[in-house]
Amino acid sequence: PARIRDAVVLPRWIRVNTLVASVEKVIEMFTKLGYRVDSETEPSQLSGKVFRQDKHIPELVMLPSNVDLHDNPLLLDGSIIIQDKASCFPAYILNPPKDSTVIDACAAPGNKTSHLSAIMGNTGKIFAFDMDKRRLGTLKKMTGRARCTNIEPIHGSFLDIDVNDERYRNVEYILLDPSCSGSGIVGRMDHLLDQDKESVEDEADQAASETRIAALADFQKKAILHAMKFPHVKKVVYSTCSKHRQENEDVVQHVLTAQEDFSLADGVFPQWTRRGLPLFSGAEKVIRTEPKEDSCIGFFVALFERQTELINENH
Ligand code: SAM
């Protein structure tokens, strides 16, 4: 029989898309649809028409795991986006200001791109790269529904982008959420048939293979170092939905020693207490999540910040 590894029931998280609706408006609409606040029940045990606002990220709302949103008017009109809590951390932590120029390096299907867009209030510019044409098509559809108007989707490999291209001259912020093993993704197996569970298990085993992880880590390191080469970039946020140190702390440690311009930012999301595994000095500056305790997928986020002053070319 299939052994269900990490079968954690996660609540359903939705992010209020502030380009379309306010948190107050969405809560009012849910209330009209018969939902009520439940702040007591264990997140995994929530059921029925209940919700709860998140205590870390104000535009996030928690709903029961089995909530049916398929015909929810707020989802259909782009007021809300289904997005796991941890997956909201990178854009929230990067926090690009209005009118800035941003790259989302591995962007599809675009959940973090539309989050960046909302944080920027549809101002400035986001270049959204993805190598996979079909997934980039999904990004266009999703960011269109979310009414983002400051995104330019570009099909191609981020690694092939010329960092000295005039178009990217003003890029100061980069969000890098590259392909990873996905070993932090848990839960939702409760809806699968036994035979499907077994095949998910097989895939998970394959995902965990050492050679695959090493190849992913190699790409992840290259991508971060490439991001750091854009002449005016100030902040690079790196994230994975992996629980393996090889794709997380080890990647960060490699990048810190491979270049001299960037270091880990201080004071990142201080209210979040689960930090990096203590594998190197400064690991407490990065963030981890733990599905069972944090009610979200297993995730990792690091924020790199340029140390050296950029020379203002106008002087
Ligand atoms: N950030 C996305 C979101 O929040 O919706 C999820 C990104 S997913 C984890 C990783 C993406 O990286 C995939 O869509 C994959 O096609 C893309 N990718 C992989 N290698 C790439 C490369 N060299 N350049 C650009 N995109 C790449």
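You'll find the structure just up there.
A brief look at the structure comes next.

Cut-off values and rules
Starting afresh in each chain, residues are numbered from 1 along the sequence in its written order. Where totals are concerned, whole chains, interfaces and linings use all residues; where local detail is concerned, this predicted model gives features only for residues with pLDDT of at least 70, and gives and counts side-chain atom pairs only at 80 or more. Calculation of side-chain values draws on the structure's entire complement of heavy atoms; hydrogens and water are dropped beforehand. Paired strands, in this sense, are two strands between which DSSP finds at least two bridges. We count a stretch as a helix when DSSP gives it H or I for four or more residues in a row; a strand needs E for two or more, and each element gets its number in order from the N terminus. A contact between two residues is defined here by any heavy atoms of the two lying within 4.5 Å. Axis angles are defined between N-to-C directions and span 0 to 180 degrees, where every axis is a line fitted to C-alpha atoms and, for a helix, only to the segment in contact. What counts as a ring pair is set by centres within 6.5 Å for rings of Phe, Tyr and Trp (its six-membered ring), and what kind of pair is set by the plane angle: stacked under 30 degrees, edge-to-face over 60, tilted for all other angles. Exposure is judged per residue with a 1.4 Å probe applied to protein chains only, and the accessible area is read against the type maximum: over 50% gives exposed, under 20% gives buried, and values in between give partly exposed.

### Comments concerning the sheet that holds strand β2 (residues 36-37)
- The mixed open sheet is built from 5 strands, whose spatial order is β2-β3-β4-β1-β5. A single partner strand is all that each edge strand has here, and the edge strands are β2 and β5 (80-82).
- Examined bridge by bridge, strand β1 (residues 12-16) and β5 share 3 bridges and lie antiparallel to one another. Within β5, the position partnered with V16 by the bridge is I80.
- Contacts from helix α1 (residues 23-32) reach β1, β3 (50-53), β4 (60-63) and β5 within the one sheet, and its direction differs from that of β3 by about 165°.
- Here helix α4 (residues 111-119) sits on the sheet and contacts β1 and β5; the angle it forms with β1, its principal contact strand, is near 35°.

### Notes on the packing of aromatic side chains
- According to the stated counting rule, one finds 12 aromatic pairs in the structure shown.
- Aromatic pair F30 and F51: ring centres 6.5 Å apart, planes at 35°, arrangement tilted. In this pair, F30 is assigned in helix α1 and F51 in strand β3, connecting sequence segments 21 residues apart.
- Of the residues examined, F51 reaches a relative accessible area of 3% and is grouped as buried.
- On the basis of an interplanar angle of 10° and a centroid distance of 6.0 Å, the ring pair of F158 and F230 is categorised as stacked. On the criterion of sequence distance, the pair formed by F158 in the loop between β8 (151-155) and β9 (171-176) and F230 in the loop between α7 (210-227) and β10 (235-240) is long-range, its members being 72 residues apart. By the burial criterion, F158 is buried, and F230 matches it.
- An aromatic cluster of three or more residues is present, and its members are F127, F129, F158, Y168 and F230.

### A short note on the pairing of strand β13 (residues 300-306)
- A large share of β13 lies buried, amounting to 6 of its 7 residues.
- Bridge analysis of β10 against β13 gives 6 bridges, and the strand direction is antiparallel. What sits directly across from S239, in β13, is V301.
- Where strand β11 (residues 262-264) meets β13, 3 bridges bridge the pair, whose relative direction is antiparallel. In the strand pairing of β13, S263 is matched with E305.
- Pairing analysis gives 2 bridges linking strand β12 (residues 287-288) to β13, with the strands arranged antiparallel. Bridge pairing in β13 places R288 opposite F300.

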